[in-house]
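Chain by chain, the residues:
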Amino acid sequence: MQVRWEWLWWSVLLVSSISAEIHDEEIQDADVEVEDFDKNSQEADLDKGSSSSEVVYKTPKPTGEVYFTETFDDGVLTGWMLSKTKKEDTDENIAKYDGRWEVEELKENMVPGDRGLVLKSIARHHAISAMLTKPFIFDTKPLIVQYEVNFQDGIDCGGAYVKLLSSTDGLDLEYFFDRTPYTIMFGPDKCGEDYKLHFIFRHKNPKTGDYEEKHAKRPDVDLKKFYSDKRTHLYTLVLKPDDTFEMLIDQSVVGKGNLLEDMVPPVNPPKEIEDPNDKKPDDWDERAKIPDPNAVKPDDWDEEEPSKIEDPDAVKPEGWLDDELEYIPDPNAEKPEDWDEEMDGEWEAPQIPNPKCETAPGCGEWVRPMMTNPNYKGKWKPPMIDNPNYQGIWSPQKIPNPDYFEDFHPFEMTAVSAVGLELWSMTPDIYFDNFIICSEKEVADRWAADGWGLKKLIASANEPGMFSQLVTAAEDRPWLWILYILTLALPVGLGVLFCWPTKKIEEDVDYKKTDISKPVTKGELEQAREAIDDETELEEEKENEDIAEAERRKIEEEKKKKGRKDSALEGEGEGEDKDDEEENEAAEGSQEEEGNKSNKSGSEDEMKEADESTGSGDGPMKSVRKRRVRKD
């Protein structure tokens, strides 16, 4: 029973540890900081069991100050401008921004009345933009950029990022292209198996006035599922005046950091740089090891010995065909009819393996096989020793960086006045919806609850059964199959362990402890001898009485037989009876004497054996045997 409980305890511990590992991995993957928007989404009054056709959709309305919002629910691109320019440094055939955009509903998990902007063309450049309601100035308020993306057909190679265009005098949305100045670029991008979530901002060098792109470090989260599950995902960037930032997908933080510490390259250049004019001295020795100048080649070192020699012990296999060629001309080959010997030369039949060599060990001249030369040492080289003149790896000396500056607040970026999508894609039907740019997180959360939250609930209500979800999850995490097998096998194993009849291995048997030998003294030994003698005498007396009783019975029977004789002979018979009695008594006496002698001798033998087993009487007496002396 104890073994069964140990099995149960270990099984529960195993499942608990695996579940904890899964939970920890999910937390690590998502770096979860789930925002509390569920209380807002509850107002959508959506029954998960209802179909999408029963949902009453209302276009989201901003609840606070915003700089830009777009839902596309009116079905037209009001305020949006398609680019009419060309992409520079590109083939003329694909340089135009002629990719097609449409306003459509989702293909799957559609919400009636909800529409979005859809990229429709393949292998085309797309560019579309719109002005903000008012410019965003980076001063004391956070910047929040949020929108939805759905890769309805998956994604092979392409992006779905948004650009916040810088406020400049020459900004013209009709000529929006890849080199239009932007302040921030944020969103998903994928090509091949490289899954990215961009956050790039252009920082202005206060000394030179030049702009340089600063890239946030890549999130430590597996982003693959967001590109392949064909569901609508919410992308959010939160940029705060304290120079910190957060990137969220579906209200969960997947990346965060500081503009001064977590950007590549860093915002502030190094204080010192390597002197470009510094050169390594000619006598600088970077060799850590050098050949030993005092080493001498041994006299018996032969550099002329080859590495391979013929095996002197090799013997030509029996049946080797020395006179047969390994390849012979094909006897069935015929010269082509169009063969021109003047142009093509003399025709020769193609070579084929000699059929006689197929059953033989080999054909042609036999050559001894090669073996490694045991005397080969190769070219002698002196051993390496530490270089006494080693100076280390040379590097240029450091000098103050003439371009050094220190920007303590990189959050103070160039103001933003427009938003745009400038994309290339090899996959069509990329869906965009519900753009919002604001400064209050509560406003963005409410906006997400009225739009993306509704899509999420409908997708959950229409998602496949549990089995399909488990299979899908295992495709991303193959180790989940182990957990599934353990989960199914554990109840079966416990049922067999506890319910299967077991063989009775313990029987109700009273075991008697063996007599433990005790040390016996000389006095106790004498007492034991006397007790044995007494018992022997009693047994002998009882046996003698039994013998006498048998004799008496025999005599009485004989007397009865003799009583039938003549009365004349009665007196004579009595005399004979007396003589017989005397003879019986004499016989009994002799038998008693013989019994006493035998008993005495037997008693002496027993005491002798006891003395031999006990020695001097100090050792333990293991056993005292009793010998019965019986008369024949």
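See the structure printed just above.
Computed from a prediction, not measured in an experiment: that's the story for all the values here. (Residues numbered from 1 in each chain as written. Predicted model: local features only at pLDDT ≥ 70, side-chain atom pairs only at ≥ 80, totals over all residues. Heavy atoms only, no water.)

A closer look at the nonpolar core
In terms of nonpolar packing, the biggest core is built from 64 residues, with Ile184, Phe199, Leu239 and Phe432 touching the most fellow members. In this structure isoleucine 184 touches Phe138, Leu143, Val162, Lys163, Leu164, Phe199, Ile200, Phe201, Leu237, Leu239 and Met413, once residues within four positions along its chain are discounted. Ranked by size, the runner-up nonpolar core spans 10 residues in total, among them Leu248, Val253, Cys438 and Ala444. (Core = buried A, V, L, I, M, F, W, Y, C linked by side-chain atoms within 4.5 Å. Buried < 20%, exposed > 50% of the residue type's maximum accessible area, 1.4 Å probe, protein only. Contact = heavy atoms within 4.5 Å.)

Here's the deal with the state of the cysteines
This model, assessed by the stated rule, comprises two disulfides. What pairs with cysteine 157 in a disulfide is cysteine 191, and their sulfur atoms sit 2.1 Å apart. Since a negative S-S torsion denotes a left-handed disulfide, the cysteine 157-cysteine 191 link at about -95° is left-handed. Placement of the pair is cysteine 157 in strand β7 (residues 157-159) and cysteine 191 in strand β9 (residues 182-191), with a sequence separation of 34 residues. Sulfur-sulfur distance for the disulfide between cysteine 357 and cysteine 363 comes to 1.8 Å. (Disulfide = S-S within 2.5 Å. Helix = DSSP H or I, 4+ residues; strand = E, 2+ residues; numbered from the N terminus.)

Details of the pattern of salt bridges
Here the structure, examined in full by the defined rule, presents 31 salt bridges. We note a salt bridge from lysine 455 to aspartate 114, for which the minimum N-O separation is 2.7 Å. Of the two residues, lysine 455 sits in helix α6 (residues 452-462) while aspartate 114 sits in the loop between β3 (101-104) and β4 (116-119), which places them 341 residues apart along the sequence. Among the salt bridges present, the one from lysine 335 reaches glutamate 341, with a minimum N-O distance of 3.4 Å. Among the charged side chains, a network of salt bridges with common partners joins Glu104, Lys107, Lys120, Asp153 and Asp429. (Salt bridge = Lys/Arg side-chain N within 4 Å of Asp/Glu carboxyl O.)

Concerning the environment of threonine 90
Tracing the sequence through the fold places threonine 90 in the loop between β2 (80-82) and β3. On the basis of relative accessible area, threonine 90 is assigned to the partly exposed category, the value being 26%. Not counting residues up to four positions away in its chain, the partners in contact with threonine 90 are Ala95 and His125.

Quick look at the side chain of threonine 85
Of note, threonine 85 is situated in the loop between β2 and β3. Leave out the neighbours within four places in its chain, and threonine 85 touches Lys96, Tyr97, Glu174, Tyr175, Phe176 and Phe177.

Comments concerning the side chain of glutamate 148
Its place among the elements puts glutamate 148 in strand β6 (residues 143-151). Here asparagine 434 takes part through its side chain, which lies 2.7 Å from a polar atom of the side chain of glutamate 148. A polar contact is formed between the side chain of glutamate 148 and the side chain of lysine 455, at a distance of 3.0 Å. Ignoring anything within four residues of it in the chain, the contact list for glutamate 148 reads Thr232, His233, Leu234, Tyr431, Phe432, Asp433, Asn434, Gly451, Trp452 and Lys455. (Polar contact = N/O pair within 3.5 Å; in protein donor to acceptor, adjacent residues only side chain to side chain.)

So, helix α8 (residues 480-499)
The terminal C-alpha atoms of α8, which comprises 20 residues, lie 29 Å apart, in line with the 28 Å expected from a rise of 1.5 Å per residue. The axis of α8 is deflected most strongly, by about 30°, at alanine 489, and proline proline 491 appears within four residues downstream. Along α8, the positions that sit buried rather than exposed are Leu480, Leu483, Tyr484 and Leu494. (Expected span 1.5 Å × (residues − 1). Bend = angle between axes of the 7 residues up to and from the residue.)

Looking at a negative patch on the surface
On the surface, a cluster of negative charge is contributed by Glu530, Asp534, Glu537, Glu541, Glu545 and Asp546. On the secondary structure map, aspartate 534 appears in helix α9 (residues 522-562). Given the relative accessible area of 43%, aspartate 534 is considered partly exposed. (Patch = residues over 30% accessible without salt bridge, like charges linked within 9 Å, V, L, I, M, F, W, Y side chains within 5 Å. Areas by Shrake-Rupley, 256 points an atom, 1.4 Å probe, with all protein chains shown as cover. Lys, Arg positive; Asp, Glu negative; His and termini not counted. Charge placed at Lys NZ, Arg CZ, Asp CG, Glu CD.)

Here we look at the packing of aromatic side chains
Tallying each qualifying case throughout the model produces 14 aromatic pairs. Measuring from centroid to centroid gives 6.3 Å for tryptophan 101 and phenylalanine 432, while their planes differ by 55°, and the two rings are tilted. You can see tryptophan 101 sitting in strand β3 and its partner phenylalanine 432 sitting in strand β25 (residues 430-438), a full 331 residues away along the chain. Here tryptophan 101 and phenylalanine 432 have matching classes, each one buried. In this structure, arginine 202 is placed above the aromatic ring of tyrosine 211, and the distance from its NZ or CZ to the ring centre is 4.6 Å. (Phe/Tyr/Trp six-rings, centres within 6.5 Å; stacked < 30°, edge-to-face > 60°. Lys NZ or Arg CZ within 6 Å of the ring centre and 35° of its normal.)

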